[in-house]
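# Overview (structure and organization)
The lines below spell out each chain.
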Amino acid sequence: MTLIAKTTGTGGRAIPPPSATRRRRRAAETRAGYAFLSPWLLGFFLLTAGPMLASLYLAFTKYNLFADPTWVGLGNFQLLLQDPRFLQSAKVTATYVLLGTPIKLIAALAVAMLLNNTHRGKGAYRSVFYAPSLIGASISIAIVWKAMFIDAGIVDQVGQFFGMSPGGWVGNPNMTMPMFILLTVWQFGAPMVIFLAGLKQVPAELYEAASVDGAGPIRKFLRITLPMLSPVLCFNLLLETIHAVQIFASAFIISGGTGGPAGSTLFYTLYLYMRGFVDFRMGYASAMAWVLVVVVGIITLLFFRSSKFWVHYSGEAK
Amino acid sequence: MKRHTLKVIGIAAAAALALTACSGGGGSTSNPKKTAGGVETGPVTITMTWWGNDDRASRYKQAIALFNKKYPDITVQISFADFSTYWSTRATEAAGRALPDVMQTDMAYLREYSSNGHLLDMTPYIGSTIDLSGFDQSLVKAGNLDGKQIAIPTSTNTLALFYNPDLLKQVGVDPPAKDYTWADFNTFLAKVSDAGQKTAGGQQIYGGTDYATTFWFFLQWLVQEGKTPFKDDGSLGFKEQDMKDFLSLTADLRKAKQDYPFARTTQVLPKTGFSMNEATAEISWDNFLAAYVSESGNPNIAMMPVPTGKDGKKSMFFKPSMLLSAGANTKHPQAAAALINFLLTEPEVGKIFGTSKGVPGAQAQRDAMQLKPGSVDASVVAYEKAVKDQVTAQVPIPVKGFGSIEADYKRLGEDLSYGKITIDAFVKEWFAGAAISTQ
């Protein structure tokens, strides 16, 4: 501001050399830029970075919200390793991620390839398949899902029609995981749209050339589609893995916030929430949160490190 | 035209702001009025919160409307939630020293709040603003921790065995005899389940839920065994063997699948097998009668005392419930105290709530309840009167971390019902958790 005032205030003076003007203008632009960024910056430092640092401190303390935190060093992390429910929650989440994410991506890729070959009504289909991704994480869908899978719910009724009597899945510890995997697979729309965009980028000449050489559809898929799609696949896989690790709302609603029956829906974030806001062990919960951050960080790092072995960027000599 | 309209709106908005500013200023500078209760208040706004369902909310709203007739200067902003959400929110508020002015509290969480000074000591207001002359004094004592009156219970609950006479008739089993023991109760539960009767909806009728997986029933049993569940120093007054013994009571029922299946319990939530008319009996707090009658649609649901202990006594206790507290951070302690007094002692409020929060501690409220013979309220009051001779024990005062250890017990009970863990593993894990939660 002062700079601008000075230049305009001394209007009679000769115009300064262009380089100085440019510098001043650039400085003013920088300030304006930061001014426009400030809502986001304030939000980031006050609502994200600040609380994250605070939770890093709390992870090394005992803190029950009522009294001031007391330093316990690595105590929380030692307790974590002895906590059978922590291991259970890690197991439940790992099962969910390792089964749910690949199935979801396979479904997404399959539908994307079908859509890529259709011409009529493509937009309509794309919207219809994408819709569950928009609403899938919502509370209402979790409630609907629960209603579908209880005793005498629609799934049970269909099962009985075909002569099976599976009973409600919600109350059966062996069936809750398939129920959650179905819920995530049903939301394949988001990765599907990305796959669809990726498929459009694959040059048609490659397929034509392969056809001329006598390659069948499976060979074309394995030798052309998959390698050409590998950057998109890498992106989707990473995104969906991180997304799956964070499952919370649906698990909270379907299990009534308990992680039951018999701990079969005790997802990591749900257990973290319970430790923090039901047992009021904020230090412990913060420690869990940081373990999750580190694990997700390692997974991401592994993805990036390994990508050079399996992700093919066109134009690269390989 | 458009610009003109905007200008008018702008001026109107500015005027409105100025007006409210003026009236606000006027309010705060005007002399505090002496109102009916002798409370000095200007126009103040206080917040009040509770847990419970819509039914309770509408009763609270009626009570607060009455309060506003008497204290027009006190505006009460209300909010409510279900039990578990309620406590998560309060804990977060406590961390920010921003608790509501008036809040419903429970014995289970009182210690956390008391030991760190989050609740207002109401001692100075008792006798002046809060009139407890017609109040059950043992109840008042229950809210006094470490010499500070941080809460006052609204009412009492005691445990009862609810049974559904119509369902029992269908099954062809009589309700337990008056002096039934825990073993007799087991026989009864098994007999009903073995009858193999079905509801109209095709669900099997069971005797009842596995009672051994509820923490409060364990405490009742411990009291009958002559133990003090929680000692004054915050330590536990029972050993692993005690818990093993209690859990073993229903081991045979669990093995023979004669108890209401847990897989079904989780699916009928928030109802229970009993209120779904799929189980014939259930132990619970006596103020549940209203909910049981409305959920099951059966007005004939009856109550009887809990099973008898080994010394031939039932050793029941009155649990102080629905305590009212004020946040220590309140800026209007007088107004908060006035509201607490009104809710606790006003006869009309007693009429509004009936026994939905338990039997009121204030004599005036008990007298004001219009007890139609055969009504839910009449049954609950009659029950507490009838069992008075059997209420010979002191209620176990929950230790710090009670909420967690109770939740742990319930969760492990679930695992036990599914056969995922043994009784020994249950007890071991519970004590390990309790060691951390209660310290």
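Quick note: structure is the one above.
Described below are features of the structure shown in this document.

Calculation criteria
- Residues numbered from 1 in each chain as written.
- Chains lettered and ligands numbered in written order.
- Predicted model: local features only at pLDDT ≥ 70, side-chain atom pairs only at ≥ 80, totals over all residues.
- Heavy atoms only, no water.
- Helix = DSSP H or I, 4+ residues; strand = E, 2+ residues; numbered from the N terminus.
- Contact = heavy atoms within 4.5 Å.
- Areas by Shrake-Rupley, 256 points an atom, 1.4 Å probe, with all protein chains shown as cover.
- Rg over C-alpha atoms; globule rule 2.2 N^0.38 Å.
- Buried < 20%, exposed > 50% of the residue type's maximum accessible area, 1.4 Å probe, protein only.
- Expected span 1.5 Å × (residues − 1).
- Bend = angle between axes of the 7 residues up to and from the residue.
- Patch = residues over 30% accessible without salt bridge, like charges linked within 9 Å, V, L, I, M, F, W, Y side chains within 5 Å.
- Salt bridge = Lys/Arg side-chain N within 4 Å of Asp/Glu carboxyl O.
- Lys, Arg positive; Asp, Glu negative; His and termini not counted.
- Charge placed at Lys NZ, Arg CZ, Asp CG, Glu CD.
- Axes fitted to C-alpha atoms, helices over the stretch in contact; angles between N-to-C directions.
- Parallel < 35°, antiparallel > 145°, perpendicular 65-115°, else oblique.
- Left-handed = near helix turned anticlockwise from the far one by under 90°.
- Nonpolar A, V, L, I, M, F, W, Y, C, P; charged D, E, K, R; others polar.
- Buried area = accessible area lost by both parts, 1.4 Å probe.
- Polar contact = N/O pair within 3.5 Å; in protein donor to acceptor, adjacent residues only side chain to side chain.
- Pairing = 2+ DSSP bridges.

What follows deals with the overall build of chain A. Along its length, chain A carries 14 helices and 2 strands. Considered along the principal axes of its C-alpha atoms, chain A spans approximately 95 × 75 × 35 Å. If you take every contact in chain A between residues at least 6 apart in sequence, the share linking residues at least 24 apart comes to 66%. Working note: accessible area of chain A is about 18,100 Å², and carbon and sulfur atoms make up 71% of it.

Bringing the overall build of chain B into the picture now. Within chain B, the secondary structure is distributed over 18 helices and 14 strands. Here the C-alpha radius of gyration of chain B, 25 Å, is about what a compact globule of 439 residues would show, namely 22 Å. Dimensions of chain B along its principal axes, counting C-alpha atoms only, are 80 × 55 × 45 Å. Across the 439 residues in chain B, those meeting the buried criterion constitute 52%. Partitioning the intrachain contacts of chain B with sequence separation of at least 6 by distance along the chain shows that 74% fall at a separation of at least 24. Carbon and sulfur atoms provide 54% of the accessible area of chain B, an area that totals close to 19,400 Å².

All names here are of chain B. With 13 residues, helix H13 (residues 333–345) ought to run about 18 Å at 1.5 Å a step, and its terminal C-alpha atoms sit 18 Å apart, in line with that. Of all 13 residues in H13, 11 are buried, a share of seventy percent or more. Here H13 has its buried residues at Ala 335, Ala 336, Ala 337, Ala 338, Leu 339, Ile 340, Asn 341, Phe 342, Leu 343, Leu 344 and Thr 345.

Its 29 residues place the ends of helix H11 (residues 217–245) of chain A only 35 Å apart at the C-alpha level, less than the 42 Å of an ideal helix rising 1.5 Å per residue. The largest bend in H11 of chain A amounts to roughly 60 degrees and is located at Ser 230 of chain A, with the proline Pro 231 of chain A lying one to four residues further along.

A few words now on a positive patch on the surface. Side chains of Arg 22, Arg 23, Arg 24, Arg 25 and Arg 26 of chain A sit close together on the surface and give a patch of like positive charge. Counting through the fold element by element, Arg 26 of chain A comes out in helix H2 (residues 18–58).

Residues and elements named next belong to chain A. At a closest axis distance of 7 Å, the pairing of helix H13 (residues 268–278) and helix H14 (residues 282–310) adopts a crossing angle of 160 degrees. Considered as vectors, H13 and H14 are oriented roughly antiparallel to each other. Along this stretch, H13 crosses H14, giving a crossing that reads as left-handed. In contact with Tyr 268, Thr 269, Tyr 271, Leu 272, Arg 275, Gly 276 and Phe 277 of H13, H14 contributes Met 282, Tyr 284, Ala 285, Met 288, Ala 289, Val 291 and Leu 292. Considered class by class, the residues forming the contact of H13 with H14 number 11 nonpolar, 2 polar and 1 charged.

Now for the side chain of Lys 319 of chain B. Residue and element names in this part refer to chain B. Inspection of the secondary structure puts Lys 319 in strand E13 (residues 319–325). One buried charged side chain, Lys 319, makes no salt bridge at all; its nearest oppositely charged neighbour is Asp 106, positioned 4.2 Å away. Not counting chain neighbours up to four residues away, the residues in contact with Lys 319 comprise Asp 106, Ser 155, Thr 156, Asn 157, Trp 216, Trp 285 and Val 395.

What follows concerns the interface of chain B and chain A. Between chain B and chain A, the residue contacts involve 26 residues of the former and 28 residues of the latter. Here chain B packs against chain A, burying approximately 2,200 Å² in sum over the two surfaces, 55% of which is carbon and sulfur. Inspection of the region where chain B meets chain A yields 1 salt bridge. Linking Arg 264 of chain B and Asp 151 of chain A is a salt bridge whose minimum nitrogen-to-oxygen distance equals 2.9 Å. Across the chain B-chain A interface, the total number found is 7 residue pairs in polar contact (both at pLDDT 80 or more). Among the elements of the structure, helix H3 (83–95), helix H4 (107–115), helix H11 (262–268), helix H17 (402–417) and helix H18 (423–437) of chain B are those that each provide at least two residues to the side of chain B that touches chain A. Examining the composition of the side of chain B that touches chain A, we find that 6 residues originate from one element, H3 of chain B, more than from any other. For the side of chain B that touches chain A, the per-class residue count stands at 9 nonpolar, 8 polar and 9 charged.

With that settled, the discussion passes to the sheet that holds strand E5 (residues 102–105) of chain B. Residues and elements named next belong to chain B. Judged by pairing direction, the sheet is mixed, and its 6 strands sit side by side in the order E4-E3-E5-E13-E8-E14 without closing on themselves. The outermost strands of the open sheet, each flanked by one partner alone, are strand E4 (74–81) and strand E14 (359–360). Examined bridge by bridge, strand E8 (residues 152–157) and E14 share 2 bridges and lie antiparallel to one another. The residue bridging Thr 156 from the neighbouring strand is Val 359, located in E14. Against the sheet, H3 contacts strand E3 (44–51), E4 and E5, and its axis sits at roughly 135 degrees relative to E3.

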